[in-house]
Amino acid sequence: MVKTKLLIIGYSSFAKRRILPSLKRNKKFNYCICSKSNKIDINKKILYKSYQDALKKFKPDIVYISTINSLHYNYAKNILEKGFNVIIDKPATLDLKSTKELLKIAKRKKLFLAEATLFNYHRVFDIIKNLYKEINQVEHIQSNQSHPFTKSTKKIQKKYDDCEHDMSPYAAAIIRLFIKDSHKSLSINRNYFKSTKVVKNFYIKSNSKTCTYFGNFAFQREYNQQIIFYTKNEIIYSPQRIFALPYNKNLEIILKTKNKIKKIKVKKDDCINNFFKLVLSSLNNKKYSFFYDTMLKDAKIRNCIKKID
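Analysis parameters
Every chain begins its residue count from 1, and numbering advances along the sequence as written. Reporting of local features is limited, given that this is a predicted model, to residues whose pLDDT is at least 70; pairs of side-chain atoms are given and counted only at 80 or more, and all residues count toward the totals for whole chains, interfaces and linings. Each side-chain value is worked out from all heavy atoms of the structure, with water and hydrogens disregarded. Each salt bridge in this description consists of a side-chain nitrogen of Lys or Arg and a carboxyl oxygen of Asp or Glu lying within 4 Å of one another. Secondary structure is summarised from DSSP: a helix means a run of H or I of at least four residues, a strand means a run of E of at least two, and numbering begins at the N terminus for each. Relative accessibility decides the category of a residue: with a 1.4 Å probe and only protein chains considered, values under 20% of the type maximum give buried, values over 50% give exposed, and everything between is partly exposed. Any two strands between which DSSP finds at least two bridges are classified as paired. To get an axis, fit a line to the C-alpha atoms, keeping to the stretch in contact for a helix; angles then go from 0 to 180 degrees between the N-to-C directions. Contact criterion: two residues are considered in contact whenever any of their non-hydrogen atoms come within 4.5 Å of each other.

A.B. asks: Explain the pattern of salt bridges to me, please; I cannot follow it from the model alone.
C.D. replies: Using the criterion set out here, one finds eight salt bridges in the structure. Residue Asp270 is joined to Arg25 by a salt bridge in which the shortest nitrogen-to-oxygen separation is 2.7 Å. Remark: Arg25 occurs in helix 1 (residues 13-25) and Asp270 occurs in the loop between strand 14 (260-266) and helix 8 (271-285); sequence separation between them is 245 residues. A relative accessible area of 34% means that Arg25 is categorised as partly exposed.

A.B. asks: What is the right way to read unusual backbone geometry from this model?
C.D. replies: Keep in mind that most residues, glycine aside, have a negative phi and that most peptide bonds are trans. Along the chain, Lys90 connects to Pro91 via a cis peptide bond; the corresponding omega equals -10°. When you line up the elements, Pro91 lands in the loop between strand 5 (85-89) and helix 4 (96-109). Positive phi values are uncommon outside glycine, yet Lys110 reaches one of about 55°. Along the chain, the position of Lys110 falls in the loop between helix 4 and strand 6 (113-116).

A.B. asks: Hey, could you run me through the sheet that holds strand 4 (residues 62-65) in this one?
C.D. replies: Think of a sheet as strands paired side by side through backbone hydrogen bonds, with each pair either parallel or antiparallel. Taken in spatial order, the six strands line up as 3-2-1-4-5-6 in an open sheet, and their pairing is parallel. Two strands close off the open sheet at either side, each with one partner strand: strand 3 (46-48) and strand 6. Each strand of the sheet is rotated relative to its neighbour by a mean of 30°, with strand direction disregarded. The sheet contact formed by strand 1 (residues 4-9) and strand 4 spans four bridges and is parallel. Paired with Leu6 across the bridge in strand 4 is Ile62. Packed on one face of the sheet, helix 1 meets strand 1, strand 2 (29-34), strand 4 and strand 5 and runs near 155° to strand 2.

Structure, rendered in structure tokens:
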């Protein structure tokens, strides 16, 4: 079997915790890592210090960019211009203009380009969507995401990795996935770290014709992740850890109707592996519109969030 060659640029915490373990379980990829800040280590597959050398010598089929947020755009632009397919950690860029520019290059050169907002590729989301068809129209959605945070504000500011940059891709994905009609209004409230413009937490509210959405996203709070869906007669509770679902655990959706609880079992699934399956299928068929459209829709929503003071 011919394996797809994947070059990872950057040895980020997310790559170590989530991407690399998934790739080790996946037999369809031959991967290696390029990292400026880490020593060459054959056992860890860190084989290059320079991405130019890696592109020339490894000749990847696709490049996964997992650097700090502020470097995403320049890396992606240069690598696309050199003719390589690209995946970028979320957020792919820091503004809508940059996203549109990358998509323009990818389309012109007929290359694959995707943003890796990975949580929604788990089977649990298909089950929730199917529940939509069986019950009344969802009228309100609420999401909560918070976790303790220990980074200094200086590091956060340098990396463009504050709460809004880190978590607004989740808010955008929820709106894209579950609110089909366009939002009529969007409001946001931010709290900042003391004496800085670094966002510590934010609250977002979106109204459409049929549904409202409220999202609570925060650093420096007790760990919590869940999405709750309200209809006229039912409440659907997603599993906990919904934005970082473990690949090796059975999960549970709770459907509450008239104070009666029904537990819906969800078998083990790997959202990252599912994402890469779609990536390989897209590459084989040379059909990239799904990933293009998803990336642009999320960037537009994040742009709306960013513009509100």
